[in-house]
Amino acid sequence: MTAPTLTTARPRPAAGRVGTATLVVATPLLFAALAASVVVAVTIGPADLTAGEVWRAIGSHLGLATSDLTAIRDGIVWELRLPRVLTAAAVGAGLAVSGAVMQALTRNPLADPYLLGLSSGASLGAVLVLLTGLSVSLTGAAFTGAMIAMVGTLLLARSLGVITPSRTVLAGLAISSFFGALTSLVVFWNTQGDSYRQILNWLLGSLAGADWGTVQVACLTLLLVGLPVILFGRVLDAFAFGDTAAAALGVNVSRTRWLLLGGTALLTGAMVSVSGSIGFVGLVLPNAVRLVVGSRHRLLLPYSALVGAIFMIWVDTGARTLFEPRELPVGIITVLVGAPVFVAVLLKNRERA
Amino acid sequence: MNPIRTARPRLLAALTVATLALPLAACGAEADDDTTTETAAGYPVTVDNCGTEVTFTAPPERVVTIKSTSTELMLALGLADRIVGTAFADGPVPEPWAEEAADLEVISDQAPSHEVVLEHEPDLVFAGWESNLAADTAGERDTLAKLGVNSYVSPAACMEPEYQPEKMTFPVLFDQFREAGRILGVPDAAEELIAEQEAALAEVGKAADGTTALWWSSGEDTPFVGGTIGAPQMVLDAVGLDNVVTEDATWTSLGWEAILDADPDVLVLVDATWNSAEDKIESLESNPATRELSAVKAERYLVIPFPAGEAGVRSVSAAADLADQLDDLGLLQRQ
Amino acid sequence: MTLQVHAITADVGGSRILDEVTFAAPAGRVTALVGPNGAGKSTLLRVLAGTQKAQGEVHFGGVDLLALPRRERARTLALVEQDVRSEFALTVRQAVELGRTPHQSTWSWGAERDDTAVDAAMERAGAAEFAARQLGTLSGGERQRVQLARALAQEPRLLLLDEPTNHLDVRAQLHTLTLLRELAATGLTVVAALHDLNLAAEFCDHVVVLARGRIEACGETTATLSAELIGSTYGVAADVLTHPRSGRPLIAFSR
């Protein structure tokens, strides 16, 4: 297997719009940016705490330092801010990756992770618990709702024949509408007093309820499901020219599709159950990353995860401090930021449309 | 769910002035046919209610009340026999009026529909929130007016900022009772009620100086709390509690971090069927951050039922109740 | 290696698309697969590529292609479909790199071997000159070359093409078929579905005629493509002449 003598002036391989060399430098930089974001975001908040006090408090829990904060102020750092920042990072990463995978599976850059009815199913579960006071964990109910909706979507798509991307999208639309209507019904029927505010927070997506439990759920899912999806996702590149081409390239099309779909559903379901239906992250971020990094999923997926995590940390920090002492649901800010970015993406792709 | 209600054009103002200029006998053209009482003194009465001009040419005899504050005000004014239906109660009617309330017809548990309200042929719909008078609930105000049905919203719940009092206080509340007495034709009963309430208010004890409090209405992740210019503040002032919330709003939503930072001495927990005080206590005590609050550690909770949290005839007794609870906690000033 | 197709029968959506199709395609030659629309040419190619289920046997170099595991099959043969487009922005080089998929394990990173194969494939197919361009900016002929390069990057021994000249201008058509002949000369077995009989006659030494899912005839081009055969297969009146310069059959149609 001797390589033929290549001409010296071989064109430099372009990976998207950035060369490989740029990527080699960019990757560790992004990781560093993520770490820095966590460390800095944790020091920001309405309570009057200096950065040093915050880091010492965290350090004291890790056995690395001593802190003289009162229990309550220590609680602000260790029980409120830190879990919230970590959950935000995990949720941002999870939603961005799910979005990228869904876009690849449906071959549609306008797909988002909620296509399979996941968010409307989760909303129904959450609203039922919030309004009827069932003594079930909110996260559990939301996740169950998400899974039921997803199964409904897949069954509906299957009943139309062989499952194809467009059938899945249509079925997802139908199921989302249905569950959305049920949710509205429950809300309309049951809302008393000011209970609607809690529901609104959930429906818009909020990280205000983050604690160490949500950190566990989000991070474990990211690790156990998200990471394999990211690594396995390079296979998605083979789908660039359609199913037949992918099959001809030796890819087990249906098994790949099911595995990735299942992984994405689990990932999205877990994130939604923890933070409500935060919009735009899964739709806009992969497109924005794609503009810079290109369409190869070997790069797109991990980069989407990193950028998604950093984005979410900062958007959530904004949600809890921009209007202090008030708090906004983070889903409002993601749309406020996401919509203009989305328009920019559409304009950019106008030539290609 | 209080959508902003649009203010009516001033056409009615012109009509009202014209009507007032005519001799009383000439304005007997009522849409409904209830003429059992002769035109009472003091009528016609015109009020600017949340931006809508409403004219009463006679005391309303058939009233539909929506929400507890309206129902309870009418009961307090001794007008149980004029109520043809109640709807959307926030909780059971409390003691002095509970027996009478039992006989009242309940039209609906939630906001009633237009038709259902009209079915009872009211001449007045007395609503607790502006959103009760919308197309998909009891009916829009001008639609009702065309059918000869007056509508009246508790002024404390007006949506437009120019109709909201700068700050809700008991004198403002009592003035609202006065206005209600005028339009219902029972100004004396209103004055009696006000005198009673003022006396009771004067008896209410005060918390020790500098005791801070948070009024937590609902919302577990992002608490919905009483601000500085609404009914919660009014009650807190009556018992001498300082609100840790500094925002100029009737109610507002706050992050837990801000609450932890303020560390109120006392927590006023609103007890509602959809979010009970017990639930709130449980979540406070199980959350590793909030259980460090001094009020939680010392179990300094004051409970107030939801209907008593809105400005109305229960506000004074709510204040008295809070004072009693403060006393139990040993936080009341010795008089 | 000769491609031996034996009694391939395929049902799609309840109808029998291919019925006991049997033929052989020799190595080192371009075999044309011709027939009217709906004859089953695309389906046959998909059966060979393994993306369509069928009964029967296909032997190639001593292996039963239909029984091969996916990845190994993708290393043995490559399919070039009609004008496929991608929704996503890829550069030419990235598109060609996809051809290395069957040679890469899921978890591995790019290898030197891959780069070499990709470079060679692009050179061979004439796509090297626009390696850095975006797919969406290419002309029909250029896209064709990219697809061909991708197929060659798979390092196949059997090359299948579905109507590779459909959307190309004359020059590009001739260029493509010349290229196929050159590839065949290096030892590849090439089977191309063509709708243009004259292109088939001029460039392909071997022809397989398919109609209504059945083999009408197969064999060496000059001997097989007769006016009667064309008449009965396509239902048109044709005359088979001899091209004045190349000596190949020239099929003429008249009103």
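Draft legend 1. Here's a closer look at the overall build of chain B. Secondary structure summary: chain B contains 12 helices and 13 strands in total. Long-range pairs, those at least 24 residues apart, make up 66% of the contacts in chain B with a sequence separation of at least 6.

Draft legend 2. Up close: the overall build of chain C. In terms of helices and strands, chain C carries nine helices and 12 strands. Computed over its C-alpha atoms, the radius of gyration of chain C comes to 18 Å, within 12% of the 18 Å expected for a compact globule of 255 residues. Projected onto its principal axes, the C-alpha positions of chain C cover 55 × 40 × 35 Å. Going through the 255 residues of chain C one by one, you find that 45% of them count as buried.

Draft legend 3. Broad picture of the environment of Asp11 of chain C. All names here are of chain C. Along the polypeptide, Asp11 turns up in strand β1 (residues 3-12). Residues Asp11 and Ala54 lie 43 residues apart in sequence; the distance between their C-alpha atoms is 7.2 Å. If we ignore the near neighbours within four places in the chain, the residues touching Asp11 are Arg16 and Ile17.

Draft legend 4. Here's a closer look at the packing of helix α3 (residues 71-105) of chain A against helix α12 (residues 297-321) of chain A. Residue and element names in this part refer to chain A. Across the interface, α3 lies against α12 with an axial gap of 7 Å and an inter-helix angle of 140°. Helix-helix and strand crossings are classified by hand; for α3 and α12 the assignment is right-handed. Facing α3, whose interface residues are Arg84, Val85, Ala88, Ala89, Val91, Gly92, Ala93, Leu95, Ala96, Val97, Ala100 and Ala104, α12 presents His297, Leu300, Leu301, Ser304, Ala305, Val307, Gly308, Ala309, Phe311, Met312, Ile313 and Asp316. Looking at the contact of α3 with α12, its residues break down into 18 nonpolar, four polar and two charged.

Draft legend 5. Just the interface of chain A and chain B, in detail. Taken together, the contacts link 29 residues of chain A with 28 residues of chain B. Going through the elements one at a time, α3 and α7 (195-204) of chain A are the ones with two or more residues in the side of chain A that touches chain B. Among the elements that take part in the side of chain A that touches chain B, α3 of chain A stands out by supplying six residues, more than any other. A breakdown of the residues in the side of chain A that touches chain B according to their chemical character gives 10 nonpolar, 11 polar and eight charged.

Draft legend 6. Seen up close, the interface of chain A and chain C. The interface of chain A with chain C comprises 31 residues on the first partner and 32 residues on the second. The set of elements that each furnish at least two residues to the side of chain A that touches chain C consists of α8 (212-232) and α9 (243-248) of chain A. Here the side of chain A that touches chain C takes four residues from α9 of chain A, the largest share from any one element.

Draft legend 7. Expanded view of the domain arrangement of chain B. Residue and element names in this part refer to chain B. Entries for chain B in the domain assignment read domain 1 (11-199) and domain 2 (204-328). Placing a centre on the C-alpha atoms of domain 1 and another on those of domain 2 gives a separation of 30 Å. At the junction of the two partners, domain 1 supplies 16 residues and domain 2 supplies 16 residues. Secondary structure elements with two or more residues in the side of domain 1 that touches domain 2: α2 (68-76) and α6 (170-184). Here the side of domain 1 that touches domain 2 gets five residues from one element, more than from any other, and that element is α2.

Draft legend 8. Expanded view of the nonpolar core. Counting residues in hydrophobic clusters, the biggest one holds 286 residues, and the most contacted among them are Val125, Val239 and Val268 of chain B together with Val96 and Leu160 of chain C. Ranked by residue count, the leading element in this core is α3 of chain A, at 21 residues. When residues of this core are sorted by domain, at least three fall in each of domain 1 (11-199) and domain 2 (204-328) of chain B.

Draft legend 9. Representation of the sheet that holds β1 of chain C. All names here are of chain C. If you trace the four strands from one edge of the open sheet to the other, you get β2-β1-β4-β5, paired in antiparallel fashion. Strand pairing shows two members of the sheet lacking a second neighbour, β2 (15-25) and β5 (63-64), which therefore form its edges. Direction of pairing for strand β4 (residues 55-60) relative to β5: antiparallel, over a ladder of two bridges. Looking at β5, one finds that Phe60 is bridged to Val63.

Draft legend 10. Fine view of the pairing of strand β13 (residues 301-305) of chain B. Residues and elements named next belong to chain B. The alternating pattern of β13 places Leu302 and Ile304 on a buried face and Tyr301, Val303 and Pro305 on a face that is not buried. For strand β12 (residues 266-271) and β13, the ladder comprises five bridges, and the chain directions are parallel. Looking at β13, one finds that Leu267 is bridged to Tyr301.

Draft legend 11. Region of the structure containing the arrangement of the chains. By contact count, the leading pair among the two pairs of chains in contact is chains A and B. The two units chain B and chain C are non-contacting; their minimal C-alpha-C-alpha distance is 41 Å.

Draft legend 12. Structural detail: α7 of chain A. Counted residue by residue, α7 of chain A has seven buried out of 10 residues, so it is predominantly covered. The complete set of buried residues in α7 of chain A reads Ser195, Arg197, Gln198, Ile199, Asn201, Trp202 and Leu203 of chain A. Those residues of α7 of chain A that are buried lie in contact with α4 (118-132) and α6 (165-190) of chain A together with β8 (212-218), β9 (224-226) and β11 (251-253) of chain B. Just downstream of α7 of chain A lies Gly205 of chain A, where phi reads positive at about 95°.

Draft legend 13. A look at the pairing of strand β12 (residues 249-253) of chain C. Residues and elements named next belong to chain C. Pairing between strand β11 (residues 238-242) and β12: five bridges, direction antiparallel. By the bridge assignment, Asp239 is partnered in β12 with Ala252. Between β11 and β12, which follow one another and run antiparallel, lie six residues, and Gly247 among them has a positive phi close to 80°.

Draft legend 14. The arrangement of the sheet that holds strand β3 (residues 63-66) of chain B in detail. Residues and elements named next belong to chain B. An order of β5-β4-β3-β6-β7 is seen for the five strands of this open sheet, with the pairing classed as parallel. Taken across any chain shown, the strands that pair with only one partner, and hence form the sheet edges, are β5 (106-108) and β7 (150-153). Pairs of neighbouring strands in the sheet enclose a mean axial angle of 25°, with direction left out of account. Sheet topology note: the β3/strand β6 (residues 124-127) ladder contains four bridges and is parallel.

Draft legend 15. Region of interest: unusual backbone geometry. Positive phi is not limited to glycine here, since Phe280 of chain A has a value of about 80°. Mapped onto the secondary structure, Phe280 of chain A falls in the loop between α10 (253-275) and α11 (281-293). Of note, Glu155 of chain C is a non-glycine position whose phi angle comes to about 55°, a positive value. Glu155 of chain C gets classed as partly exposed once you count the C-beta atoms within 10 Å, which come to 17.

Draft legend 16. Quick look at helix α6 (residues 170-185) of chain C. All names here are of chain C. Compared with the 22 Å implied by 1.5 Å per residue over 16 residues, the 23 Å span of α6 between its first and last C-alpha is a close match. Buried within α6 we find Gln173, Thr176, Leu177, Leu180, Leu183 and Ala184. An end-on view of α6 places all buried positions within 115° of arc, on one side of the element. Residues of α6 that are exposed and angled more than 90 degrees away from the buried face: Arg171, Thr178, Glu182 and Ala185. Contact partners of the buried residues in α6: β3 (30-34), α5 (140-153), β7 (158-162), β8 (189-193) and α7 (197-203). Gly187 sits one or two residues past α6 and shows a positive phi near 120°.

Draft legend 17. Expanded view of the confidence of the model for chain B. Mean pLDDT for chain B: 84, with 87% of residues reaching 70 or above. Within the model, pLDDT remains below 50 along residues 1-38 of chain B, and this stretch shows 43 contacts once partners closer than five positions in the same chain are excluded.

Draft legend 18. Highlighting the confidence of the model for chain C. On average, residues of chain C score 89 in pLDDT, and 97% of them are at 70 or above. Across the interface, the model reports ipTM at 0.83; the global pTM reads 0.78.

Draft legend 19. Layout of the environment of Ser277 of chain A. Residue and element names in this part refer to chain A. Looking at the secondary structure, you find Ser277 in the loop between α10 and α11. Taking the C-alpha atoms as reference, Ser277 lies 7.4 Å from Ser123; in sequence the two are 154 residues apart. Sequence-distant contacts of Ser277, that is, excluding residues within four places in its chain, are made with Tyr114, Ser119, Ala122, Ser123, Leu203, Gly205, Val272 and Gly331.

Draft legend 20. Spatial organisation of the packing of α4 of chain A against α6 of chain A. Residues and elements named next belong to chain A. Here α4 crosses α6 at 15°, and the two axes come no closer than 8 Å. One finds that α4 runs roughly parallel with respect to α6. Taken as a pair, α4 and α6 cross one another with a handedness that is left-handed. Residue-level contacts link Ser120, Gly121, Ser123, Leu124, Val127, Leu128, Leu131 and Thr132 of α4 to Ser176, Phe179, Gly180, Leu182, Thr183, Val186, Val187 and Asn190 of α6. Class assignment of the residues belonging to the contact of α4 with α6 gives a composition of eight nonpolar, eight polar and no charged.

Basis of the calculations
Residues numbered from 1 in each chain as written. Chains lettered and ligands numbered in written order. Predicted model: local features only at pLDDT ≥ 70, side-chain atom pairs only at ≥ 80, totals over all residues. Helix = DSSP H or I, 4+ residues; strand = E, 2+ residues; numbered from the N terminus. Contact = placed C-beta atoms within 7 Å. Rg over C-alpha atoms; globule rule 2.2 N^0.38 Å. Buried ≥ 20, exposed ≤ 12 C-beta atoms within 10 Å, placed from the backbone. Axes fitted to C-alpha atoms, helices over the stretch in contact; angles between N-to-C directions. Left-handed = near helix turned anticlockwise from the far one by under 90°. Nonpolar A, V, L, I, M, F, W, Y, C, P; charged D, E, K, R; others polar. Domains from an automatic or database assignment. Core = buried A, V, L, I, M, F, W, Y, C linked by C-beta atoms within 7 Å. Pairing = 2+ DSSP bridges. Expected span 1.5 Å × (residues − 1). Arc of directions from axis to C-beta. pLDDT = per-residue confidence, 0-100. Parallel < 35°, antiparallel > 145°, perpendicular 65-115°, else oblique.

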